[in-house]
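Breakdown of the fold
Residues per chain, in single letters:
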Amino acid sequence: MSDLGFTPNEMMTIAASRALKNDDVCFVGIGAPSAACNVARLTHAPDITLIYESGTIGTAPDVLPLSIGDGELCETAVTTVAVPEMFRYWLQGGRISIGFLGAAQLDKFGNINTTVIGDYAHPKTRLPGGGGAPEIATSSREIYITMAQTKRGMVEKIDFFTSFGHGDGGDHRQRLGIDTAGPTLLITDLAIWKPDPVTREFTVVSLHPGVSREEVQATCGWVVKFAEALDETPAPSELELKTLRDLQARTKAAHEGTAKEKAA
Amino acid sequence: MVKFLPLKEAVAENLHDGDAVAFEGFTHLIPTAAAHEAIRQGFRDLTLIRMTPDLIYDQMIGMGMAKKIIFSYVGNPGVGLLRRARDAIENGFPRSIEIEEHSHAGMANAYEAGAAGLPCAVFRGYRGAGLASVNPNIRSVTCPFTGEVLAAVPAIRPDVSFIHAQKADRKGNVLVEGIIGIQKEAVLAAKRAVVTVEEVVDSFADLHPNLTVLPNWTISAISVVPGGSHPSYAHGYYVRDNAAYLEWDEIAADRDRFQAWMQANVIESTADDFAARVEHLRKAA
């Protein structure tokens, strides 16, 4: 905890939650996006529709799911559909306003790698792969990305194009016939980034409280561009922080609660 | 017509060396007991098909049973990587395996095409995605009406699919509810289907008319295995054992610890051991 009274990760989650609107239909990636989406629902966006790829539509979990298919997602959902229907009617059908993704590796054009580190056929590290992300990235009307900054994670060149962002930049999406907006927002633990309107390169538009330009550059593998008019992200409110911390405490208790007293 | 069989016989009758087999379940209702029985019977050279090959495929791959996996997310859901699968892909241990990787949309569409009796699935997918250039089974077709270029993947037609479900009635009709995932498609796409269930009830007469019920003539064999999807869950019966998923990450990280765990919890166990594993996960009524 810094002397600011909140951690960089808390700032990231809360800044990400603020980007979501009450009328959004959000396809939620697991991990950091899931926390942000549920903080939004529990604060300023009570009617937001949260969709997880297990088929749960309009879910309102009391604790954050460990997986995309935890039972509470189904129990609190408006409806639960089969996985083919999820991907065909709801995602491919154009009904998702925001796809919210995390990333293992990200480049400056919002392309994401969660497949391999190294060569695909002979990987240094085999990561889980794309799951729903390749189509979420192209069928959602917009993509938000959230991840903590590291030089290993934010790289000049990703090892594999799991999910297409803006490709080589500019009009690359349009040239591939992709008519959705792609990544429009990146929220890290240090800053808020938006793509340049022409080049589509992610540009820092707002620094979180207490963060310097040098810190942003030191944890990013490409040369960072900063907007001319650089904002400071408003610090988390008491309500936002309490909502997030309560949610994480409930989640921790719930996930540890299933552990057996003795080893199996 | 469906037969009610002990799991050991249901697996022995329906799975064979070299089969293309799907043990499906999208986080929910994962057929762990059936997979463990397959491990005990020691099948070889299997092509393992599953959207989310989690712990059970990590176990089967770690035991050297797979020659190929077809998948769209090879992770421990919410935890991270699958360490036995990684060891096979990165180091060829205990044997090298062939991989055919898709997206969830690709797999879901391919199962649906299999269930629908089509040779391939057509959908809007893989645009700009690297998988299209490393998987020769991801191709494209041009819409004859609009000219739009769409993705095409071959239908999935397993030799046999295994699923876990909440209940069967005495006639062998099967109910799946909650997160229904891809189970119906996996059963209808396969030549044979084996279902493990939590329980058998007298009749389905009072069920809502639109629930997911697989008629008995779509299923080869049913085995009653309470707790059979642990550490996954069965909606209405017991909750997901998230702690077990977290623990698996440590067990699978070490080759020797993995072998010891498999010996104690799979090889020297039976399907009857599953009920006790979910006792602490059953919700108060």
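Residues numbered from 1 in each chain as written. Chains lettered and ligands numbered in written order. Predicted model: local features only at pLDDT ≥ 70, side-chain atom pairs only at ≥ 80, totals over all residues.

Under an unreviewed UniProt entry, the name given to chain B is CoA transferase subunit A, and the source organism is Mesorhizobium waimense.

By the naming in an unreviewed UniProt entry, chain A is CoA-transferase subunit beta, taken from Mesorhizobium waimense.

1. Brief notes about the overall build of chain A
Counting its secondary structure elements, chain A contains 8 helices and 14 strands. In terms of overall size, chain A behaves like a compact globule, its C-alpha atoms giving a radius of gyration of 18 Å where 264 residues would be expected to give roughly 18 Å. Its C-alpha atoms put chain A at 50 × 45 × 40 Å along the principal axes. Scored against the burial criterion, the 264 residues of chain A give a buried share of 53%. (Helix = DSSP H or I, 4+ residues; strand = E, 2+ residues; numbered from the N terminus. Rg over C-alpha atoms; globule rule 2.2 N^0.38 Å. Buried ≥ 20, exposed ≤ 12 C-beta atoms within 10 Å, placed from the backbone.)

2. Regarding the sheet that holds strand β10 (residues 149-154) of chain B
Residues and elements named next belong to chain B. Taken together, the 3 strands give an open sheet; going across it, the order is β8-β10-β9, and neighbouring strands pair in antiparallel fashion. Edge positions in the sheet fall to β8 (120-123) and β9 (139-142), since each of these pairs with one other strand and no more. Shown here is a sheet whose adjacent strand axes are inclined to one another by a mean of 40°, direction ignored. Note that β8 and β10 share 4 bridges and pair antiparallel. Looking at the pairing, F123 lines up with A151 of β10. Here helix α5 (residues 104-115) sits on the sheet and contacts β8 and β10; the angle it forms with β8, its principal contact strand, is near 135°. (Pairing = 2+ DSSP bridges. Axes fitted to C-alpha atoms, helices over the stretch in contact; angles between N-to-C directions. Contact = placed C-beta atoms within 7 Å.)

3. Section: the pairing of strand β11 (residues 183-187) of chain A
All names here are of chain A. Of all 5 residues in β11, 4 are buried; the element is thus mostly enclosed. When strand β10 (residues 142-146) meets β11, the two strands line up parallel, connected through 4 bridges. Within β11, the position partnered with Y144 by the bridge is L185. Bridge count for β11 against strand β12 (residues 191-195) is 2 bridges, and the pairing is antiparallel. Residue pairing across strands places I187 opposite I192, the latter belonging to β12. In sequence, β11 turns back onto β12 through a hairpin of 3 residues.

4. Concerning the domain arrangement of chain B
Residues and elements named next belong to chain B. Splitting chain B by domain gives domain 1 (3-102 + 157-277) and domain 2 (104-154). Relative to domain 2, the C-alpha centre of domain 1 lies at a distance of 26 Å. Counting residues at the interface gives 12 residues for domain 1, matched by 12 residues for domain 2. Put simply, the parts of the chain that give the side of domain 1 that touches domain 2 at least two residues each are β7 (98-101) and α7 (183-189). Among the elements that take part in the side of domain 1 that touches domain 2, α7 stands out by supplying 4 residues, more than any other. Classifying every residue of the side of domain 1 that touches domain 2 gives 6 nonpolar, 2 polar and 4 charged. (Domains from an automatic or database assignment. Nonpolar A, V, L, I, M, F, W, Y, C, P; charged D, E, K, R; others polar.)

5. Things to note about the interface of chain B and chain A
The interface is formed by 50 residues belonging to chain B together with 48 residues belonging to chain A. Taken together, the elements giving at least two residues each to the side of chain B that touches chain A come down to α4 (83-91), α5, α6 (131-134), α7 and α8 (242-251) of chain B. Take the side of chain B that touches chain A: its biggest share by element is 6 residues, from α5(B).

6. What to know about the pairing of strand β15 (residues 221-224) of chain B
Residues and elements named next belong to chain B. Here strand β1 (residues 3-4) pairs with β15 via 2 bridges, running parallel. Counted as the bridge partner of K3 is A221 from β15. With 4 bridges joining them, strand β13 (residues 192-201) and β15 adopt parallel strand pairing. The partner of V195 across the bridge, within β15, is I222.

7. A few points about the sheet that holds strand β2 (residues 49-52) of chain A
Residue and element names in this part refer to chain A. Strand order across the open sheet formed by 10 strands is β4-β3-β2-β1-β5-β10-β11-β12-β13-β14, with mixed pairing between neighbours. The open sheet has two edge strands, β4 (79-80) and β14 (225-232), and neither has a second partner. In terms of strand pairing, strand β5 (residues 98-101) meets β10 through 4 bridges, oriented parallel. Looking across to β10, one finds that G99 is bridged to I143.

8. A look at the packing of helix α1 (residues 7-14) of chain B against helix α2 (residues 32-41) of chain B
All names here are of chain B. The N-to-C vectors of α1 and α2 enclose an angle of 70°; their axes lie 10 Å apart at closest approach. Comparing the axis directions of α1 and α2 gives the class roughly perpendicular. With respect to the hand of their crossing, α1 and α2 are arranged in right-handed fashion. Here α1 contributes L7, K8, V11 and A12 to the contact with α2, which in turn contributes A33, A34, E37, A38 and Q41. When the residues that make up the contact of α1 with α2 are grouped by side-chain class, the tally is 6 nonpolar, 1 polar and 2 charged. (Parallel < 35°, antiparallel > 145°, perpendicular 65-115°, else oblique. Left-handed = near helix turned anticlockwise from the far one by under 90°.)

9. What about the packing of α2(B) against helix α3 (residues 55-62) of chain B?
Packed helix pairs are characterised by how far apart their axes lie and by the angle those axes make with each other. Residue and element names in this part refer to chain B. Across the interface, α2 lies against α3 with an axial gap of 10 Å and an inter-helix angle of 5°. Overall, the two elements α2 and α3 adopt an arrangement that is roughly parallel. Touching T32, A35 and I39 of α2 are I56, Q59 and M60, all from α3. Split by residue class, the contact of α2 with α3 holds 4 nonpolar, 2 polar and no charged.

10. Thoughts on α2(B)
Residue and element names in this part refer to chain B. Burial within α2 is extensive, with 7 of its 10 residues counted as buried. All buried positions along α2 are accounted for by T32, A33, A34, A35, H36, E37 and A38. Of the residues one or two after α2, G42 is the one with positive phi, at around 70°.

11. Some remarks on the nonpolar core
The biggest cluster of nonpolar side chains holds 161 residues, and the ones touching the most others in it are A:C26 and B:V174. Residues from two domains meet in this core; each of domain 1 (3-102 + 157-277) and domain 2 (104-154) of chain B gives at least three. Ignoring sequence-local partners within four residues, the contact set of A:C26 consists of A:L20, A:C37, A:I48, A:T49, A:L50, A:I51, A:S97, A:I98 and A:F100. (Core = buried A, V, L, I, M, F, W, Y, C linked by C-beta atoms within 7 Å.)

12. Overview of unusual backbone geometry
Residues and elements named next belong to chain B. In this structure, the amide linkage connecting F93 to the following residue, P94, adopts the cis form with an omega of 0°. Relative to the helices and strands, P94 resides in the loop between α4 and β7. Even without being a glycine, T27 presents a positive backbone phi close to 70°. Here T27 lies in the loop between β2 (20-23) and α2. A positive phi angle is found at Y126, which is not glycine, with a value near 60°. When you line up the elements, Y126 lands in the loop between β8 and α6. The exposure class assigned to Y126 is buried, which follows from the 27 C-beta atoms found within 10 Å.

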